[in-house]
Amino acid sequence: MKTFEPLFLKSAANRKGFFSDGRPQIAVAGKSNVGKSSFINMLANRKKLARTSNTPGRTQLLNYFDFGNFVLTDLPGYGYAKVSRAEKEKWGELIESYLLNEPCLARVICLADIRHDPTEQDLQLAEFLYYHRIPFNLIATKADKLSRMQAGLHLKRIAVKYNVGTDDVFAVSALTGAGRERALELLEGAAALWRERGSSESE
Ligand SMILES: Nc1nc2c(ncn2[C@@H]2O[C@H](COP(=O)(O)OP(=O)(O)O)[C@@H](O)[C@H]2O)c(=O)[nH]1
Ligand SMILES: [Mg+2]
């Protein structure tokens, strides 16, 4: 039984604020309101570790959380319509700068709302990661909003849109905790793999 308590580490508004302590980092990305904060709270088993809100677009920072074997980085949500173009560009640059420069980045978890088709920006992010050979996984959020059968169909549809195998995407629900164990295993596994690679590279 793990007794580790995830902790908030710090926020970063720009490159200078980036945090790195040698531990693998797992970044959570997705459009604003997709359920990133709720996902992180679910993983941590804490209601208010990451703030959740009904007002999307508020989190314009990177937030770092200490998960013991890895650091979880909550990336600012993209795609919020009500912000200026300049602001959108600033967010894009911040996310891009993090993804391309963080030496300990082990994996990106891309979140997609199970009810909807991925947006242009969702697919752009996946393409960006693929192009830069940054490993990523896809997780669908808010599984409780659909019946089991519908959820299965939507998962398949999302996999097709992202051009990944059906087994490469699974659903979670912050409300019921469905998919929590699988998500935690995925993150722990990504962190362990990164450590193994790191140690073999330095031999
Ligand atoms: N029913 C349901 N609602 C969710 C779930 N995850 C998030 N939400 C709701 O979706 C809204 C946005 O969630 P939040 O975690 O703040 O999204 P973020 O902007 O991506 O960090 C909030 O009203 C949450 O309560 C879920 O798994 N099930
Ligand atoms: Mg959030």
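Below: a short report on this structure. All values derive from a computational prediction rather than experimental measurement. (Residues numbered from 1 in each chain as written. Chains lettered and ligands numbered in written order. Predicted model: local features only at pLDDT ≥ 70, side-chain atom pairs only at ≥ 80, totals over all residues.)

### Digging into the site of ligand 1
Part 1 of the argument: The environment of ligand 1 is formed by 20 residues, the closest being G35, K36, S37, S38 and A174.
Part 2 of the argument: At three residues, helix α1 (residues 36-44) tops the list of elements feeding residues into the shell around ligand 1.
Part 3 of the argument: Per-class residue counts for the shell around ligand 1 are four nonpolar, 12 polar and four charged. (Near = placed C-beta within 6 Å. Helix = DSSP H or I, 4+ residues; strand = E, 2+ residues; numbered from the N terminus. Nonpolar A, V, L, I, M, F, W, Y, C, P; charged D, E, K, R; others polar.)

### Examining the environment of G17
Part 1 of the argument: One can find G17 in the loop between β1 (7-12) and β2 (25-29).
Part 2 of the argument: On the basis of neighbour counts, which here come to 13 C-beta atoms within 10 Å, the residue G17 falls in the partly exposed class.
Part 3 of the argument: A sequence separation of 45 residues divides G17 from L62, and the C-alpha atoms of the two residues are 9.0 Å apart. (Buried ≥ 20, exposed ≤ 12 C-beta atoms within 10 Å, placed from the backbone.)

### Structural notes on the sheet that holds strand β3 (residues 62-66)
Part 1 of the argument: Across the sheet, which stays open at both edges, the seven strands sit in the order β1-β3-β4-β2-β5-β6-β7 with mixed pairing between neighbours. On the outer flanks of this sheet lie β1 and β7 (169-171), each paired with one strand and no other. With direction set aside, neighbouring strand axes in the sheet form an average angle of 25 degrees.
Part 2 of the argument: Inspection of the sheet shows β3 paired to strand β4 (residues 71-74) by four bridges, in the antiparallel sense. In the strand pairing of β4, D66 is matched with V71.
Part 3 of the argument: Those strands touched by helix α3 (residues 120-131) are β2, β5 (105-113) and β6 (136-141), and its axis lies near 160 degrees from that of β5.
Part 4 of the argument: In the packing of helix α4 (residues 148-162) onto the sheet, contacts are made with β5, β6 and β7, and the angle to β7 comes to roughly 145 degrees. (Pairing = 2+ DSSP bridges. Axes fitted to C-alpha atoms, helices over the stretch in contact; angles between N-to-C directions. Contact = placed C-beta atoms within 7 Å.)

### Here we look at the pairing of β4
Part 1 of the argument: Every second residue of β4 is oriented toward a common face, with V71 and T73 on one face and L72 and D74 on the other, all of them buried.
Part 2 of the argument: Pairing of β2 with β4, which is carried by four bridges, proceeds in the parallel orientation. Considered in β4, the bridge of A27 is made with T73.
Part 3 of the argument: The hairpin turn running from β3 into β4, its antiparallel successor, is four residues long, and G68 in that turn takes a positive phi close to 85 degrees.

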